[in-house]
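Tertiary structure, described
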Amino acid sequence: MTVVPKSSVPGSPVSGKPKPGFSYAGRGSLDYGPPPSATSTASFRAHKVSASTVVVSVHGEIDLLSVNTFRDYLSTQVAPDRTLVVDMSDLEFMGMCGLSSLSILATLTRDAGGALALICGRPVQRLLKAAGQESMFDCYTSLEHAVGLGETKRFLA
């Protein structure tokens, strides 16, 4: 796993020391959990938006090169009574191996008494539809909808 230094992550502070385990993420949230992570095809970053909600932003492609890091990174975010929102709206590609990881994550989250919400871009929507798994996940069009701040909406079609 390649760890992206906080100094190279856009939006990190130039001076000052963040609290241990936290760094500035901008937009009123804190980075949370393990440091941002990246593979040759994908990157992941977690930030806490409330006491019980963590959003993991995923960028790039979830394929055979990145799926193990994807699964491991998301698994570290599962905790009792936590809502885990996986923002895949900027994902360019997700293969079947990514769907398998999401299924594992759904089971881990449920077993921990938490909730899982996905923000699905077109590549994820297409994969879920092709695999007949659309009803297996709570998919939303925006972060506001995923955390219950707006009207709940699923796939656009």
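Figured I'd write up the structure that's included with this text. (Residues numbered from 1 in each chain as written. Predicted model: local features only at pLDDT ≥ 70, side-chain atom pairs only at ≥ 80, totals over all residues. Heavy atoms only, no water.)

This part covers helix α2 (residues 96-111). Helical periodicity: at 3.6 residues per turn, an α-helix aligns residues three or four positions apart in one direction. Here α2 contains 16 residues, and its C-alpha end-to-end distance of 23 Å stays within 8% of the 22 Å for a straight helix at 1.5 Å per residue. Residues of α2 that are buried: G98, L99, S101, L102, L105 and T109. Projected down its long axis, α2 shows its buried positions confined to an angular sector of 155°, all on one face. Among the exposed residues of α2, those pointing more than 90 degrees away from its buried face are M96, R110 and D111. Tucked into the core, α2 has its buried residues touching β6 (53-62), α1 (67-75), β7 (83-94), β8 (115-120) and α3 (122-130). Two residues or fewer past α2, G113 is found with a positive phi of approximately 80°. (Helix = DSSP H or I, 4+ residues; strand = E, 2+ residues; numbered from the N terminus. Expected span 1.5 Å × (residues − 1). Buried < 20%, exposed > 50% of the residue type's maximum accessible area, 1.4 Å probe, protein only. Arc of directions from axis to C-beta. Contact = heavy atoms within 4.5 Å.)

Take unusual backbone geometry next. The residue D81 is not glycine, and still its phi comes out positive at about 60°. Position of D81 relative to the elements: it lies in the loop between α1 and β7. A relative accessible area of 60% means that D81 is categorised as exposed.

Okay, the packing of aromatic side chains next. Counted by the stated rule, this structure contains two aromatic pairs. The interplanar angle of 40° and the centroid separation of 5.9 Å between the aromatic rings of F44 and F70 together place this pair among those described as tilted. Residue F44 is located in strand β5 (residues 42-50), and its partner F70 is located in helix α1; the two are separated by 26 residues in the primary sequence. Accessibility assignment for this pair places F44 and F70 in one class, buried. Plain terms: the ring middles of F44 and Y73 are 5.8 Å apart, the flat faces sit at 25° to each other, and that makes the pair stacked. (Phe/Tyr/Trp six-rings, centres within 6.5 Å; stacked < 30°, edge-to-face > 60°.)

Following both chains from N to C, one finds α1 and α2 inclined at 15°, their axes separated by 10 Å at the closest point. Our classification of the angle between α1 and α2 gives roughly parallel. Every pair of crossing elements has a handedness; the one defined by α1 and α2 is right-handed. Residues V67, F70, R71, L74 and S75 of α1 form the contact with α2, whose participating residues are C97, G98, S101, L102, I104, L105 and L108. Counted by class, the contact of α1 with α2 contains eight nonpolar, three polar and one charged residues. (Axes fitted to C-alpha atoms, helices over the stretch in contact; angles between N-to-C directions. Parallel < 35°, antiparallel > 145°, perpendicular 65-115°, else oblique. Left-handed = near helix turned anticlockwise from the far one by under 90°. Nonpolar A, V, L, I, M, F, W, Y, C, P; charged D, E, K, R; others polar.)

In a soluble, globular protein the nonpolar side chains are often hidden away together inside. Ranked by internal contacts, the top residues of the largest apolar core, which has 27 residues, are V58, I62, F70, V86, M88, M94 and L118. Looking at this core, the elements that each hand over two or more residues are β5, β6, α1, β7, α2, β8 and α3. Ranked by the residues each element gives to this core, the list is headed by β7, at five residues. Apart from residues no more than four positions distant in its own chain, L118 is found in contact with V86, M88, L102, F137, D138, C139 and Y140. (Core = buried A, V, L, I, M, F, W, Y, C linked by side-chain atoms within 4.5 Å.)

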